[in-house]
Amino acid sequence: MLGQMQSQPLLISALIVHAERHHASGEIISRRVEGDIHRSSWGQVARRARQVARAIDATGLPFGSRVATLAWNGYRHLELYFGVSGTGRVLHTLNPRLHPEQLVWIVNHAEDSALCFDMTFLPLVQAVAAKCPTVKHWVALCDADKLPADSGIPGLTSYEAWIGGHSDAAYNWPEFDENSASSMCYTSGTTGNPKAALYSHRSTLLHAYGAALPDALGCSARDSILPVVPMFHVNAWGLPYSAAAVGCKLVFPGPALDGKSVYELIENEKVTMAAGVPTVWQMLLGHMQQNNLRFSTLKRTVIGGSACPPAMINAFNDTYGVEVLHAWGMTEMSPLGTVCTLKNAQTQLPPEEQLKVRLKQGRAVYGVDMKIVDDEGRELPWDGKSFGDLLVRGPWIIASYYKGEGGDPLRYDEHGKGWFPTGDVATIDPDGFMQITDRSKDVIKSGGEWISSIDVENIAMAHPAVAMAACIGMKHPKWDERPIVVVVKKPGASVTREELLAFYEGKTAKWQIPDDVVFVDAIPLGATGKMQKMTLRQQLKDYALPTA
Ligand code: AMP
């Protein structure tokens, strides 16, 4: 027997319709590329999202076409979030920190039809445009009078001219299957070429509900939320969608992520909750300590993407009275998996015991199930000691990558249920708090962004003097991890540290170039000839990264 309830597909357009009807005056504040502060509202975002929708309809791009963005966090990006996905086209947020060649590869793989970019990225777009034949529409996110006359980009139009030619009157957002693709994000968090998570309207809306729950990110209409986490990195952890659902104020930092700018924004816009990776908070805390500053409105900060150091939790909590929500997730998980909010009994624990809990990555948000397994796939106990591969399942976790790249990623249990292997190694305690102890995937995360060890090794191996190269991550106080490359030279060949580092120039993004080269006689190999990076890391336990 079927239930007799209204059946409405879960669509992203419903979020912006709701935000406009119920929170039209809710503020949307953005620091722009030009440096000034722009003030908008949910009502205005909704009106301009309708103009975006009509502008896209006018291009004739078919349903499901990919519309890419290369943009900072800001109001125009937010309008594209709703305008593009709302019409059934797929919003593809590109990571501007990638090397131009990596971007070209991704744009071609995604077969993007249109690309909208902030003016900061004009030189980057000029460098890649000719190599992106699928892109037929280039849009600069600026006023018409800021458009460069001779950009060299065919048919380049300004965003304001593009949407300005279309009405913001009522628009009949199309209704379609809620499982249709809404947006996509590539990740190099696994080996090989980048792969994309292709989110659906349904997964995005369920995630928006789950993330907003009080024990998750706890978003409410009374909040002023600052997503420092980029809108090109897993949709700023889904915050734009949860924000539209609850109608809170949103504050966007644009390109200015330094401590001073972020602090000023928090104070001026009375931010109550901010979200970002540890590197950003390191810069903010450094600025505050140097200038003896305090927060007057900030209550919570969500820290994730990399493990949050204990000193950071203490500084926020003890010095500034701000609660840290340590969170864990992945691009493949939309991204939220766990958040570390205490259970009732734990609030009675002494502060040092509470800190031990807060350092964990947290407990599962409803909608996500998780388990740890041994090498044979057998589930391990939740005793806080046994550690194993962390597997997850739920309606906002990928079933496969875009275009089926990499085959079926899931591991199936005895009931035939598919679990996604996260590449993280973890413990789970009897209260259900998960703690990451290691990473089984061969990647390095620096300042919240991935560096593929394989790419770093392949470049070194292309040098004529290199016989073998292993890239490993080393702890870094600001960037969390930095790569170094450990090299065995070919017999009789010679290359210096400086020569090898210079060899990386132009072959990868600058921040993906290793910090150091360590020459060794041999790299430890396993029985199958695979490099034993754990052993290598142990061998280099006394190594210190160069400080400059
Ligand atoms: P991404 O797909 O770029 O969001 O990266 C997801 C990966 O980042 C996870 O699989 C973890 O390896 C790592 N990660 C994310 N959050 C945390 C955290 N709170 N602590 C430790 N590692 C984290």
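Residues numbered from 1 in each chain as written. Predicted model: local features only at pLDDT ≥ 70, side-chain atom pairs only at ≥ 80, totals over all residues. Heavy atoms only, no water.

(A) How the structure looks around the sheet that holds strand E25 (residues 480-489). Ordered in space as E24-E25-E26, the three strands form an open sheet in which the pairing is mixed. Looking at strand neighbours, the two that pair on one side only are strand E24 (466-476) and strand E26 (516-519), the edges of this open sheet. Strand-to-strand twist in this sheet, taken as the mean axis angle between neighbours without regard to direction, amounts to 30°. Note: E25 against E26, four bridges, orientation parallel. Its bridge partner lying in E26, valine 486 is registered against valine 518. Across the sheet, helix H14 (residues 453-461) touches E24 and E25, and the angle it forms with E24 is around 140°. (Pairing = 2+ DSSP bridges. Helix = DSSP H or I, 4+ residues; strand = E, 2+ residues; numbered from the N terminus. Axes fitted to C-alpha atoms, helices over the stretch in contact; angles between N-to-C directions. Contact = heavy atoms within 4.5 Å.)

(B) Highlighting the packing of aromatic side chains. Using the criterion set out here, one finds 12 aromatic pairs in the structure. Here the aromatic rings of phenylalanine 82 and tyrosine 241 are separated by 6.1 Å at their centres, their planes lie at 85°, and the arrangement is edge-to-face. Within this pair, whereas phenylalanine 82 is found in helix H3 (residues 75-86), its partner tyrosine 241 is found in helix H9 (residues 239-246), the two being separated by 159 residues in sequence. The buried category is assigned to phenylalanine 82, whose relative accessible area is 0%. Ring centres of tryptophan 281 and phenylalanine 316 lie 6.2 Å apart, and the angle between their planes is 85°; on these two criteria the pair is classed as edge-to-face. Residue tryptophan 281 is located in helix H11 (residues 278-291), and its partner phenylalanine 316 is located in helix H12 (residues 310-319); the two are separated by 35 residues in the primary sequence. Both residues of the pair, tryptophan 281 and phenylalanine 316, count as buried. Here arginine 393 stacks its cationic end above the ring of tryptophan 419, 6.0 Å away from the centre of that ring. Here the guanidinium or amino end of lysine 507 rests over the ring plane of phenylalanine 503, the centre of that ring lying 3.7 Å away. (Phe/Tyr/Trp six-rings, centres within 6.5 Å; stacked < 30°, edge-to-face > 60°. Buried < 20%, exposed > 50% of the residue type's maximum accessible area, 1.4 Å probe, protein only. Lys NZ or Arg CZ within 6 Å of the ring centre and 35° of its normal.)

(C) Inspection of the pairing of strand E14 (residues 323-329) at higher detail. Among the seven residues of E14, five are classified as buried, and the element is accordingly described as predominantly covered. Where strand E13 (residues 300-303) lies against E14, four bridges are found, and the strand directions are parallel. Bridge pairing in E14 places threonine 301 opposite valine 324. Pairing of E14 with strand E15 (residues 336-339), which is carried by three bridges, proceeds in the antiparallel orientation. Within the sheet, the bridge partner assigned to tryptophan 328 lies in E15 and is threonine 338. Between E14 and E15, which pair antiparallel and follow one another directly, the connecting turn spans six residues, one of which, serine 334, has a positive phi of 75°.

(D) Representation of the sheet that holds E14 within the structure. Pairing within the open sheet is mixed, and its nine strands lie in the order E2-E1-E11-E10-E12-E13-E14-E15-E16. Strands at the two margins of the open sheet, each flanked by one partner only, are strand E2 (37-41) and strand E16 (363-364). With two bridges joining them, E15 and E16 adopt antiparallel strand pairing. Counted as the bridge partner of threonine 338 is alanine 364 from E16.

(E) How the structure looks around the domain arrangement of the protein chain. Its domain assignment divides the protein chain into domain 1 (12-25 + 35-209) and domain 2 (444-539). The gap between the C-alpha centroids of domain 1 and domain 2 is 36 Å. Taken residue by residue, the interface counts 10 residues in domain 1 and 10 residues in domain 2. Summing both partners gives a buried area of about 760 Å² for domain 1 against domain 2, and 48% of it is carried by carbon and sulfur. (Domains from an automatic or database assignment. Buried area = accessible area lost by both parts, 1.4 Å probe.)

(F) Local environment of unusual backbone geometry. Looking along the chain, the bond that leaves serine 334 and enters proline 335 is cis, with omega of 5°. Residue placement: proline 335 occurs in the loop between E14 and E15. Non-glycine residue glutamate 111 carries a positive phi angle of around 55°. Relative to the helices and strands, glutamate 111 is located in the loop between helix H4 (100-110) and strand E5 (112-117). On the basis of relative accessibility, which here comes to 36%, the residue glutamate 111 falls in the partly exposed class.

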